[in-house]
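Each chain, written out:
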Amino acid sequence: MPSPSATFIDIAALAVSVLGLIGLLFAFLQFRLSRKANEASAQAARSSFVLEIHKWFRENSDEIQFFYRLDYESKPNSFKFDPEKFPHSEDEQHLDALLYKLVFVGGLLKRGVLESTDIAWMSFIVSAVMGNQEIQAYLKWLQSADQVPGHSEFVDAVFLYQVLNKVPKIQGGVLDQYRKNAITQLSTVRGS
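Residues numbered from 1 in each chain as written. Predicted model: local features only at pLDDT ≥ 70, side-chain atom pairs only at ≥ 80, totals over all residues. Heavy atoms only, no water.

Engineer: Residues and numbers for the packing of helix α4 (residues 123–130) against helix α6 (residues 155–164), please.
Structural biologist: Between α4 and α6, whose axes approach to 9 Å, the crossing angle comes to 125°. Taken together, the axes of α4 and α6 are oblique relative to one another. The chirality of how α4 crosses α6 is left-handed. Two secondary-structure elements touch here, α4 through S123, V126, S127 and M130 and α6 through A157, V158, L160, Y161 and L164. Across the contact of α4 with α6, the residue classes tally to 7 nonpolar, 2 polar and no charged. (Axes fitted to C-alpha atoms, helices over the stretch in contact; angles between N-to-C directions. Helix = DSSP H or I, 4+ residues; strand = E, 2+ residues; numbered from the N terminus. Parallel < 35°, antiparallel > 145°, perpendicular 65-115°, else oblique. Left-handed = near helix turned anticlockwise from the far one by under 90°. Contact = heavy atoms within 4.5 Å. Nonpolar A, V, L, I, M, F, W, Y, C, P; charged D, E, K, R; others polar.)

This is the structure we're talking about:
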């Protein structure tokens, strides 16, 4: 028969082990709760950021009016790109502001800061802008020999258009050519 002190030591060791496992279980549960709280906090922050982006697209009434001129392509007051009248015009200012907003959001999407589900509501805006034939004429003109061959400022707006419209690659067409020229130019600049 074991001595009473040996049984007491075994019971104490077992109790310490059980307490250690309970402590480990509580630490694991605390970690999970903390992780879920962090995820909820990150989701709330991202939602707030997306709301700010939405407001940003709606804050300038002149840009909104310009957007409607893009959206209603067949109307008499719709935007028509004219390379003779466009430079330094109000239309250029409004269009570039709109495109740079799309570039900003496209860059966030490309870097994984935003997910396409966060900005799915933008699909209509992006399509109305990037799918517009007059905007595509502007992008083509920007990369022409007498402007900025390889112009790449708006490549993330093209990326945003591709992702939100679930178009893995825009085959042919002005947007695809714009993207290819921009990538070629960026590769050349980085390789220098």
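Engineer: Explain helix α5 (residues 133–142) to me, using residue names and the numbers behind them.
Structural biologist: Residues of α5 that are buried include every one of I135, Q136, Y138, L139, W141 and L142, and no others. Capping the start of α5 is the job of one residue whose side-chain oxygen sits 2.7 Å from the backbone nitrogen of E134: N132. (Buried < 20%, exposed > 50% of the residue type's maximum accessible area, 1.4 Å probe, protein only. Polar contact = N/O pair within 3.5 Å; in protein donor to acceptor, adjacent residues only side chain to side chain.)

Engineer: Just give me the short version of a nonpolar patch on the surface, but keep the residues and values in it.
Structural biologist: A cluster of nonpolar side chains, contributed by L14, V18, L19, I22, L25, F26, F28, L29 and F31, occupies part of the molecular surface with about 900 Å² of accessible area. Secondary-structure assignment places F31 in helix α1 (residues 4–58). (Patch = residues over 30% accessible without salt bridge, like charges linked within 9 Å, V, L, I, M, F, W, Y side chains within 5 Å. Areas by Shrake-Rupley, 256 points an atom, 1.4 Å probe, with all protein chains shown as cover. Salt bridge = Lys/Arg side-chain N within 4 Å of Asp/Glu carboxyl O.)

Engineer: Talk me through the nonpolar core; I want residue IDs and the actual numbers.
Structural biologist: Counting residues in hydrophobic clusters, the biggest one holds 40 residues, and the most contacted among them are L102, M122, V129, M130, Y138 and L160. When contributions to this core are tallied by element, the ones reaching two or more residues are α1, α2 (61–71), α3 (90–110), α4, α5, α6 and α7 (173–191). Among the elements that make up this core, the one with the highest residue count is α3 (8 residues). Excluding its chain neighbours within four sequence positions, the residues that come into contact with M122 are I53, F57, L102, V105, L160 and L164. (Core = buried A, V, L, I, M, F, W, Y, C linked by side-chain atoms within 4.5 Å.)

Engineer: Account for the pattern of salt bridges, naming residues and giving values.
Structural biologist: Per the stated rule, a full pass over the model turns up 9 salt bridges. When the shortest N-O distance is used, the salt bridge between D91 and R69 registers 2.8 Å. Residue D91 is located in helix α3, and its partner R69 is located in helix α2; the two are separated by 22 residues in the primary sequence. Given the relative accessible area of 19%, D91 is considered buried.

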